[in-house]
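Here is what each chain is made of, one letter per residue.
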Amino acid sequence: MNTATRDGAASWTPNEPPSVDWLGRNLDCGRCVNQGLLAGGKCQPAFSCVFDRYAKRIDRFFRWNPGLANDYLEYPYFEVRAVASRSADVFRLVGLMHDPDETVRLHVALRLPQRLLAELRKDPDREVRIRVAHRLDANMLVEMADDPDYFVRKLVAQRLPLPLLPRMVADPDQEVRLAVAARLQVPALLALRNDPEVAVRRAVVHRLPVGLLPEMAGDPAWEVRWEVAQYADPALARRLLLDAEAEVRDAARARLNTLEPEARHG
């Protein structure tokens, strides 16, 4: 499709769909309320039009006419409301916080001030709550620690203030507990030593002080004991030379080979 740019120069917009309104009807610039904008080069058929079904054309319209965004916050087509919310006055976004379309609420969540953003913590759409978890002040995230979606809880675990993080050590999802293990400090971290998942216990080993590693050297999973061998002091490494698993013994031997030269030159 050959269209025109704002300054009148020809421009190609390949692979764009036909120019129709959101109900699939043909557009008639001659009957449009924005005829004055067309004459002034502030909109162009099949390229920049607020009444077009194609979101990119709607976006171009508001990029050229951001001051008109407030006028379209109640337009029946959700794409228009969503794109208009990017340029509208912030105080006008309150009316869109509970818009029936999640795409609109997603855009609104990018701009709401913290006090209003907090009201979207229980939004029915997970994508909206994910965006809230990214933006909301960390001190206001604790109410999202029990979100029904694991990815939302994972984001919370990555951002929640450390004093509040221990409440998430029993989260039902492994990915969430891994995020918790990556941040918790001793002694709170010790609550995950007996986690049911090997990956979580390995993450705990990775962050434990060397002096606390011996009690995990007897873990039932050889992968955890192998992880212990990576950080063991000489005494613990020698103990692991007797492990029942060859991979653990090999890791302990490699650890000793690393430690002994360091001890001689230390």
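For the structure itself, consult the block above.
Residues numbered from 1 in each chain as written. Predicted model: local features only at pLDDT ≥ 70, side-chain atom pairs only at ≥ 80, totals over all residues. Heavy atoms only, no water.

**Some words on the overall build of the protein chain**
Counting its regular elements, the protein chain contains 12 helices and 2 strands. In the protein chain, the succession of helices and strands from N to C terminus is β-β-α-α-α-α-α-α-α-α-α-α-α-α. Radius of gyration (C-alpha) of the protein chain: 29 Å, far over the 18 Å computed for a compact globule of 266 residues. Seen through its principal axes, the protein chain has C-alpha atoms that stretch 85 × 40 × 35 Å. (Helix = DSSP H or I, 4+ residues; strand = E, 2+ residues; numbered from the N terminus. Rg over C-alpha atoms; globule rule 2.2 N^0.38 Å.)

**Some points on the pattern of salt bridges**
One pass over the structure, following the stated rule, counts 21 salt bridges. Note that Arg86 and Asp59 form a salt bridge whose closest N and O atoms lie 2.5 Å from each other. Placement of the pair is Arg86 in helix H3 (residues 78-87) and Asp59 in helix H2 (residues 55-64), with a sequence separation of 27 residues. For Arg201, the salt bridge is made with Asp219, and the minimal N-O distance between the two is 2.7 Å. Of this pair, Arg201 sits in helix H9 (residues 198-207) while Asp219 sits in the loop between H9 and helix H10 (222-231), and the two are 18 residues apart along the sequence. As far as burial versus exposure is concerned, Arg201 and Asp219 are alike and both buried. Overlapping salt bridges, with partners in common, bring together Glu16, Asp52, Arg57 and Arg60 in one network. (Salt bridge = Lys/Arg side-chain N within 4 Å of Asp/Glu carboxyl O. Buried < 20%, exposed > 50% of the residue type's maximum accessible area, 1.4 Å probe, protein only.)

**What to know about the packing of aromatic side chains**
Any pair of aromatic rings gets described here by the distance separating the centres and the angle formed by the planes. Taken as a whole and judged by the stated rule, the model has 10 aromatic pairs. Between the aromatic rings of Trp22 and Tyr77, the centroid separation amounts to 5.8 Å while the plane-to-plane angle is 20°, which identifies the pairing as stacked. Of this pair, Trp22 sits in the loop between strand E2 (10-12) and helix H1 (35-39) while Tyr77 sits in the loop between H2 and H3; the two residues are 55 residues apart in sequence, bridging distant segments of the chain. On the basis of relative accessibility, which here comes to 10%, the residue Tyr77 falls in the buried class. (Phe/Tyr/Trp six-rings, centres within 6.5 Å; stacked < 30°, edge-to-face > 60°.)

**Digging into the packing of H3 against helix H4 (residues 102-109)**
Each packed pair of helices is defined by two parameters, the angle between the axes and the distance between the axes. The interhelical angle for the contact between H3 and H4, taken along N-to-C directions, is 0°, at an axis separation of 8 Å. In terms of orientation, H3 and H4 fall into the roughly parallel class. Across from Phe78, Arg81, Ala82, Ser85 and Arg86 in H3, the residues of H4 making contact are Thr103, Val104, His107 and Val108. Counted by class, the contact of H3 with H4 contains 4 nonpolar, 3 polar and 2 charged residues. (Axes fitted to C-alpha atoms, helices over the stretch in contact; angles between N-to-C directions. Parallel < 35°, antiparallel > 145°, perpendicular 65-115°, else oblique. Contact = heavy atoms within 4.5 Å. Nonpolar A, V, L, I, M, F, W, Y, C, P; charged D, E, K, R; others polar.)

**A few points about the nonpolar core**
With 73 residues, the main nonpolar core has Phe62, Tyr72, Met168 and Leu192 as its most contacted residues. When neighbours within four sequence positions are excluded, Leu192 is seen to be in contact with Val169, Arg177, Val180, Ala181, Leu184, Val200, Arg201 and Val204. (Core = buried A, V, L, I, M, F, W, Y, C linked by side-chain atoms within 4.5 Å.)

**Some points on the environment of Glu74**
Along the polypeptide, Glu74 turns up in the loop between H2 and H3. Separated by 39 residues in sequence, Glu74 and Pro113 place their C-alpha atoms 21 Å apart.

**Comments concerning the environment of Pro124**
Examined against the element boundaries, Pro124 turns out to sit in the loop between helix H5 (114-117) and helix H6 (126-135). As for Pro124 and His98, which are separated by 26 residues in sequence, their C-alpha atoms are 9.9 Å apart. Leave out the neighbours within four places in its chain, and Pro124 touches Arg105 and Arg129.

**Comments concerning H6**
Along H6, the residues classified as buried are Val128, Arg129, Ile130, Val132 and Ala133. Those residues of H6 that are buried are in contact with H4, H5 and helix H7 (150-159). Where H6 starts, the residue carrying a side-chain oxygen 3.0 Å from the main-chain nitrogen of Glu127 turns out to be Asp125. (Polar contact = N/O pair within 3.5 Å; in protein donor to acceptor, adjacent residues only side chain to side chain.)

**Side note on the state of the cysteines**
Tallied over the full model, the rule gives 0 disulfides. Here Cys43 stays unpaired: no disulfide links it, and the sulfur of Cys32, its closest cysteine neighbor, is 6.2 Å away. Cysteine Cys49 remains unbridged, with the sulfur of Cys32 as its closest cysteine sulfur at 6.0 Å. (Disulfide = S-S within 2.5 Å.)

**Some words on unusual backbone geometry**
In this structure, the amide linkage connecting Val186 to the following residue, Pro187, adopts the cis form with an omega of 10°. Its place among the elements puts Pro187 in the loop between helix H8 (174-181) and H9.

**Here we look at the environment of Ala88**
Topologically, Ala88 is positioned in the loop between H3 and H4. Judged by relative accessible area, Ala88 falls into the buried class, the value being 2%. Sequence separation between Ala88 and Asn70 is 18 residues, and the spatial gap between their C-alpha atoms is 5.0 Å. Residues contacting Ala88, with those up to four places away along its chain left out, are Ala69, Asn70, Leu73, Leu93 and Arg111.

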